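This is what each chain is made of:
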Amino acid sequence: MTDSVIKDVSGRTGRLTLNRPKALNSLDLPMVRHVREALAEWRDDDAVEQVVVVSEHPKAFCAGGDVRQVRDAQMAGDSEAGDAFFSEEYEMNAEIAEFPKPYVAVIDGIAMGGGLGVSLHGSHRVVTERASAAMPEMAIGFVPDVGISWFSQHVDTAAGHPEPAIARFLGLTGYRLDAADLLWSGWATHFVPQDSLENFLRAVDADGIDAALGEFAADPAEAGESKLASFAPCARQVFGHDTWREIENALDGGACSSEERRVINDLLRSASPTSLVSGTELYAANAAEGVDLRAGLRNEYAIGRILRHDPNFAEGVRAVLVDKDRNPRWQPAETGDVDATPYREAVQ
Ligand code: QUE
């Protein structure tokens, strides 16, 4: 059996290849442990100057965390399996952010949820034109996690400063970002066209990340126009609030065109009402003064733990990943009937 994360050292680079193709490289506990062990080993190894994370899957970088396994355990009465998986995954996310050498993720395909947690906390987030990313947790009765509810509110967008409203739009709607959107939002740092990827990776091994980027990174404009950029004025008006009720009111308030409202309502159609209310509380908590990534991860864990015990999580994973009918029965069915208090009390 081959490892689900292949670890090797090539030239001056420690390379991790995500390798669980049957599950679109979605992360399970052994994969998280492989990544953590490699980072612990390479942190103090002078022969390793940088770490590169890649996937050789033709379509996927990493589709998320293996929430189907978590649901199975939860339904068998074992909630500790989910707790253990998420606490180790979030520890890995923090360790990536704190890694003292360049950590280069190459997103050349689909990256969702946990796949963004294993990439965006690194110093270099390289995308190709095949990159496609989303935080789709609202559809499974969960909330944006793996540090992204914190990271996305603290990274500079193309506007030159962090934009929590854009972050909340992305996390609460599950909007799918393409390469241009990833570069505009600040989630990606560099654009390398797919046809130069092999040469780029060879140059990283031989010459180091800075020289390789100097040679192969293209002008982000080559990724095309960002649709997210044109959506931003509407998103800033609607999603810059700390409660779901205010966001809902702003959506009805006429800040966006009817076409923009239609797009937002389409995206929200698959969202769990409980996730919308608790997710907004999470974003508000993770934008607060003095909350760093580790505190943000603790907030995600606290709300996530409540949600994993809520029947909406099992129902959402069922509808998206088990039966794939995309027809979940949420309870409550309306955001107005969800009480935000337990989530507000769970966070810092
Ligand atoms: C929300 C999610 C996930 C998702 C879809 C959502 C997620 C996840 C997967 C996934 C996809 C394909 C696989 C797989 C898992 O999809 O976390 O094993 O083969 O892992 O709407 O959070």
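Each remark here, short or long, concerns the structure printed above.
Residues numbered from 1 in each chain as written. Predicted model: local features only at pLDDT ≥ 70, side-chain atom pairs only at ≥ 80, totals over all residues. Heavy atoms only, no water.

Caption draft 1: Summary view of the sheet that holds strand E2 (residues 13-18). Taking strand neighbours across the sheet as the criterion, the six strands line up as E1-E2-E3-E5-E7-E10 in an open arrangement whose pairing is mixed. What marks the edges here is a single partner per strand, and that holds for strand E1 (5-10) and strand E10 (190-191). Sheet topology places strand E7 (residues 124-127) next to E10; two bridges connect them, and they run parallel. Within E10, the position partnered with Val126 by the bridge is His190. The strands touched by helix H8 (residues 197-207) are E1, E2, strand E3 (50-55), strand E5 (103-107) and E7; relative to E3, the strand with the most contacts, the crossing angle is about 155°. Strands in contact with helix H9 (residues 209-216) are E3, E5, E7 and E10; relative to E7, the strand with the most contacts, it is inclined by about 30°. (Pairing = 2+ DSSP bridges. Helix = DSSP H or I, 4+ residues; strand = E, 2+ residues; numbered from the N terminus. Contact = heavy atoms within 4.5 Å. Axes fitted to C-alpha atoms, helices over the stretch in contact; angles between N-to-C directions.)

Caption draft 2: Quick look at the state of the cysteines. Inspection of the entire model under this criterion finds one disulfide. In this model, Cys234 is linked to Cys256 through a disulfide, with the two sulfur atoms separated by 2.2 Å. On the sign convention where negative means left-handed, the S-S torsion of about 90° between Cys234 and Cys256 marks this disulfide as right-handed. Here Cys234, found in helix H10 (residues 227-239), pairs with Cys256, found in the loop between helix H11 (244-252) and helix H12 (258-268); they are 22 residues apart in sequence, far enough to count as distant. By the burial criterion, Cys234 is buried, and Cys256 matches it. (Disulfide = S-S within 2.5 Å. Buried < 20%, exposed > 50% of the residue type's maximum accessible area, 1.4 Å probe, protein only.)

Caption draft 3: Quick peek at the pattern of salt bridges. One pass over the full model with this rule turns up 23 salt bridges. The salt bridge partner of Arg305 is Asp83, with a shortest N-O separation of 3.1 Å. Taken together, the positions of Arg305 in helix H14 (residues 293-308) and Asp83 in helix H3 (residues 80-98) put the pair 222 residues apart, joining distant regions of the chain. Looking at Arg305, the relative accessible area reads 37%, which means it is partly exposed. A relative accessible area of 8% means that Asp83 is categorised as buried. Close ionic contact of Glu281 with Arg344 constitutes a salt bridge, the shortest N to O distance being 2.9 Å. Of the two residues, Glu281 is situated in helix H13 (residues 273-285) and Arg344 in helix H16 (residues 341-346); the sequence distance between them amounts to 63 residues. What makes Glu281 buried here is its relative accessible area of 7%. (Salt bridge = Lys/Arg side-chain N within 4 Å of Asp/Glu carboxyl O.)

Caption draft 4: Layout of the side chain of Glu88. Within the secondary structure layout, Glu88 lies in helix H3. Owing to a relative accessible area of 17%, Glu88 belongs among the buried residues under this scheme. With residues up to four places along the chain from it excluded, the contact list for Glu88 reads Leu29, Val32, Arg33 and Arg36.

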